[in-house]
Amino acid sequence: MIQEIVFLFAYLMAGLSLKFGDDLLDEIDSPSLAWFPLGASGILFGLLMALSEWDLVLLTAIVIGVLLSGKVNRQQYIIGFIAIGAILLFFGLPAITDILSWFALLFMLFMASVLDEKGNDWTDSNANPNAALLFEYRFVLKISALLLAIPWPGFLATAVGLWLFDTGYEIAGWLTQRLR
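Residues numbered from 1 in each chain as written. Predicted model: local features only at pLDDT ≥ 70, side-chain atom pairs only at ≥ 80, totals over all residues. Heavy atoms only, no water.

Looking only at helices and strands, the protein chain features eight helices and zero strands. Each helix and strand of the protein chain, ordered N terminal to C terminal, gives the series α-α-α-α-α-α-α-α. For the protein chain, the C-alpha radius of gyration of 16 Å lies close to 16 Å, the compact-globule estimate for 180 residues. Principal axes of the C-alpha set define a box for the protein chain whose edges measure 45 × 40 × 35 Å. For the protein chain, with 180 residues in total, the buried portion stands at 44%. Pairs at least 24 apart in sequence give 71% of the contacts found in the protein chain among residues at least 6 apart. If you sum the accessible surface of the protein chain, you get close to 10000 Å²; carbon and sulfur atoms cover 70% of it. (Helix = DSSP H or I, 4+ residues; strand = E, 2+ residues; numbered from the N terminus. Rg over C-alpha atoms; globule rule 2.2 N^0.38 Å. Buried < 20%, exposed > 50% of the residue type's maximum accessible area, 1.4 Å probe, protein only. Contact = heavy atoms within 4.5 Å. Areas by Shrake-Rupley, 256 points an atom, 1.4 Å probe, with all protein chains shown as cover.)

Below, the structure is given as structure tokens:
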């Protein structure tokens, strides 16, 4: 039971620290302070990625999506990638039981994250407030992750972890707005 709580807490803190680092860069304009939370987020990403093929596939999809979307636009983000790489070098990659299924899952998660990103950019909240809400809170990826746990039941805990990751991300954004 303690392991599950620590696992879910790690997802929550990974999202919280990532958003806090983002906000130190973009909202608070304190880039020198962003190194710590972005490094902490990278450590948490690396630890989670080393746990199982399911965590590896989800977080790999998120990392690829962020890289390809152009959101990694400041030097402070490099500390997170270094931390991920160091953790994975130290602990190693988890065993992948079916590489074709793993890549299929990676592709589907990546496409869901792209749809969330593009939908958030394209949706007009005045013209379609429901769609704007769907994309603003990245529900396509979160709902897709839960649905993908049907053919891949081992993915369920990771799908729940994604919801906690986003909860941490939203809490950090809310705190930043309140503290400004």
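Picking up where we left off.
Going through the model one piece at a time under the given rule, you end up with six aromatic pairs. Taken together, a centroid distance of 5.2 Å and an interplanar angle of 75 degrees make the contact between Phe-7 and Tyr-11 edge-to-face. Note that Phe-7 and Tyr-11 are positioned in helix α1 (residues 2-26) at a spacing of four residues, about one turn of the helix. On the basis of relative accessible area, Phe-7 is assigned to the buried category, the value being 15%. (Phe/Tyr/Trp six-rings, centres within 6.5 Å; stacked < 30°, edge-to-face > 60°.)

This brings us to a nonpolar patch on the surface. There is a patch of nonpolar side chains on the surface, built from Met-1, Ile-2, Ile-5 and Val-6 and spanning about 470 Å² of accessible area. Looking at where Met-1 falls in the secondary structure, it is placed in the segment before α1. Owing to a relative accessible area of 74%, Met-1 belongs among the exposed residues under this scheme. (Patch = residues over 30% accessible without salt bridge, like charges linked within 9 Å, V, L, I, M, F, W, Y side chains within 5 Å. Salt bridge = Lys/Arg side-chain N within 4 Å of Asp/Glu carboxyl O.)

Turning to the nonpolar core, a few remarks are in order. Counting 41 residues, the largest nonpolar core has Phe-45, Leu-105, Leu-109 and Phe-155 as its most contacted members. Where this core is concerned, the elements lending two or more residues are α1, α2 (31-51), α3 (53-69), α4 (78-91), α5 (99-122), α6 (129-136), α7 (139-148) and α8 (156-179). At eight residues, the largest contribution of residues to this core is made by α3. In this view, Phe-155 contacts Trp-54, Val-57, Leu-58, Leu-105, Leu-109, Ala-145, Leu-148 and Ala-149; residues no more than four positions away in its chain are not counted. (Core = buried A, V, L, I, M, F, W, Y, C linked by side-chain atoms within 4.5 Å.)

This next bit is on the environment of Val-63. Along the chain, the position of Val-63 falls in helix α3. When its relative accessible area of 16% is taken as the criterion, Val-63 is described as buried. Measuring from C-alpha to C-alpha, the distance between Val-63 and Glu-4 comes to 23 Å, with 59 residues separating the pair along the chain. Setting aside its immediate chain neighbours within four residues, Val-63 contacts Phe-45, Phe-81 and Ile-84.

Bringing unusual backbone geometry into the picture now. Its identity as a non-glycine residue notwithstanding, Asp-29 has a phi of 60 degrees, on the positive side. For Asp-29, the location among the structural elements is in the loop between α1 and α2. Exposure remark for Asp-29: the relative accessible area of 57% places this residue in the exposed category.

Attention now goes to α3. The end-to-end C-alpha separation of α3 is 24 Å, in line with the 24 Å expected for 17 residues at 1.5 Å each. Judged by how many residues are buried, α3 sits mostly within the fold: 12 of 17 residues are covered. Buried-residue contacts for α3 involve α1, α2, α4, α5, α7 and α8. Backbone geometry just after α3 places Gly-70 at a positive phi near 85 degrees. (Expected span 1.5 Å × (residues − 1).)

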